[in-house]
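One letter stands for each residue in the lines below.
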Amino acid sequence: MSTSREIQDLDSTQLASELFDAHGLTRFLSRLSNGDTQRHILFFLLFYAPLPIIVIASSYFEGTLWLESVNGGKGLFEHFGSLSNMLLMPVIYFLYIHYVYLIAKMLKDILYRSNIAGKKSKSQNDSLIQSKVMPILLCKNIEHRVIKYLFVLLGIYSLVINSGQTTDSLHFYGNYVWDSYTYIFGYVAGRLLLFVQWVIILPFVAYTLFACCYAVTLIKQKISNNSFLVISPFAPDGCGGVGSLGQVMLASTYFLTPIYLIVVAHYFTHENIYLTLILASVFLVLVSIGILLLPFLRLHGHLSEWKESSLSRLEHKLCDYLDIQAEEGLSGEVHVKALALEKVYSHVQTLRTWPYSLGDQLKWASTVLGIIVAWTPKILAYVMNGRAG
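We now turn to the structure provided with this report. (Residues numbered from 1 in each chain as written. Predicted model: local features only at pLDDT ≥ 70, side-chain atom pairs only at ≥ 80, totals over all residues. Heavy atoms only, no water.)

## Quick word on the overall build of the protein
Within the protein, the regular secondary structure consists of 17 helices and zero strands. Expressed as a percentage of the 389 residues in the protein, the buried residues total 47%. In the protein, of all internal contacts separated by at least 6 residues, the share reaching a separation of at least 24 is 76%. A total accessible area of about 19600 Å² is found for the protein, and carbon and sulfur atoms account for 64% of it. (Helix = DSSP H or I, 4+ residues; strand = E, 2+ residues; numbered from the N terminus. Buried < 20%, exposed > 50% of the residue type's maximum accessible area, 1.4 Å probe, protein only. Contact = heavy atoms within 4.5 Å. Areas by Shrake-Rupley, 256 points an atom, 1.4 Å probe, with all protein chains shown as cover.)

Here is the structure:
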């Protein structure tokens, strides 16, 4: 399935199932649940639930649920970072399921609107969907698989680094921890948990985010070149019919919230800030800004230019009707046409040139500013202490 005609013939659930089939775990869970979202979530929980059970059991067996009173360390129930990492992974997967359905809805919506542009544009649209957009979303080509496996290698590399650091947790984190090499069962259970998260789950989530951002960039470039869809001032999204692109990119930033909470939890666990936390915080802010702004800079310019030129044309037509009324007197037909043009003018005037509502912009801005305000004093203190040392 890759052509625009075939996509339009499927409902969002069927199209989402096609997207789930791009990756091993999601393909297995999607087919097991027969396309039912609730069953998909249930089967994921059944797949994931043994991991926290193994972690808690190993920590209980070694007596590392609480370590503060033993050696000033951090037991499993005192390690907010481990707890948040363990509990928030299902949230990330739920967001992923929601994200895939948003991608399916976006594809159907954009193709529906692009078909208004005429037969020539339909042919170009089908070529873009068939040759570029769907292959990368479905991870069809070799280069796409290479990118996905690079994310897997990044997960393996992170796991190796973490495994090395926990062999000397006092040096790296300032505390003994429940999954350090001193406690071999906790060490193995912790690595097993991170292996499933970082090597099996997160790589396909990261690839889907990358693929969707790339697909949206391709589509918005076509729109900016006036060759994909007709900008409509009457589109219900209030931004000419491209609102679904903005909603998908906004949903991309939702994944950053649980990751940020995990970063904060690690800070409160070890009660100090180290370089990894600083880099993670800066990375989250930059990615959030990049996802929401960079793909749409050119589209924003295109919509602004379209809005300005449309208002100018409508203004000239309105002035012409006013001149006719002044010369020939009030005419019912002319009056009706002038009122219709005035209505269109008001619609174009309120058209947003960014594919986000004001509420979306405020939510995003408050989140990013919250991260910056919360972490800037701590980062400055870390830098100053480093210089003083």
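## Re the environment of Cys 213
Tracing the backbone shows Cys 213 in helix H11 (residues 184-224). We classify Cys 213 as buried; its relative accessible area is 18%. Sequence separation between Cys 213 and Leu 245 is 32 residues; the distance between their C-alpha atoms is 9.5 Å. Apart from residues no more than four positions distant in its own chain, Cys 213 is found in contact with Met 249 and Ser 252.

## What about the packing of helix H4 (residues 37-48) against helix H5 (residues 50-62)?
Contact pair H4 / H5: the axes reach a minimum separation of 5 Å and the direction vectors enclose 25 degrees. Considering their axes alone, H4 and H5 lie roughly parallel with respect to each other. Note on element contacts: H5 touches H4 through Pro 50, Leu 51 and Pro 52, opposite Leu 46, Phe 47 and Tyr 48. For the contact of H4 with H5, a count of residues per class yields six nonpolar, no polar and no charged. (Axes fitted to C-alpha atoms, helices over the stretch in contact; angles between N-to-C directions. Parallel < 35°, antiparallel > 145°, perpendicular 65-115°, else oblique. Nonpolar A, V, L, I, M, F, W, Y, C, P; charged D, E, K, R; others polar.)

## Some words on the packing of aromatic side chains
Enumeration over the complete set of coordinates arrives at 15 aromatic pairs. With a centroid separation of 6.1 Å and 70 degrees between ring planes, the pair formed by Phe 20 and Tyr 101 is classed as edge-to-face. Residue Phe 20 is located in helix H2 (residues 12-20), and its partner Tyr 101 is located in helix H7 (residues 80-114); the two are separated by 81 residues in the primary sequence. The residues Phe 20 and Tyr 101 share a single accessibility class, namely buried. With a centroid separation of 5.3 Å and an interplanar angle of 85 degrees, the aromatic rings of Phe 61 and Phe 185 are classed as edge-to-face. Remark: Phe 185 occurs in helix H11 and Phe 61 occurs in helix H5; sequence separation between them is 124 residues. Owing to a relative accessible area of 62%, Phe 61 belongs among the exposed residues under this scheme. Grouping aromatic residues by their ring pairs yields a cluster made of Phe 20, Phe 44, Phe 47, Tyr 48, Tyr 93, Tyr 96, Tyr 101 and Phe 204. (Phe/Tyr/Trp six-rings, centres within 6.5 Å; stacked < 30°, edge-to-face > 60°.)

## Re the side chain of Gln 197
Take Gln 197: it is sitting in helix H11. Setting aside residues up to four positions removed in sequence, Gln 197 forms contacts with Tyr 48, Asn 85, Met 86, Met 89, Leu 202 and Pro 203.

## Considering the packing of helix H9 (residues 142-165) against H11
Between H9 and H11, whose axes approach to 9 Å, the crossing angle comes to 150 degrees. Comparing their axes, H11 and H9 come out roughly antiparallel. Classified by chirality, the crossing of H11 by H9 is right-handed. Seen from H9, the contacting residues are His 144, Ile 147, Lys 148, Phe 151, Val 152, Gly 155, Ile 156, Ser 158, Leu 159, Asn 162 and Ser 163; seen from H11, they are Tyr 187, Arg 191, Leu 194, Phe 195, Trp 198, Val 199, Pro 203, Ala 206, Tyr 207 and Phe 210. In the contact of H9 with H11, the residues fall into 14 nonpolar, five polar and two charged. (Left-handed = near helix turned anticlockwise from the far one by under 90°.)

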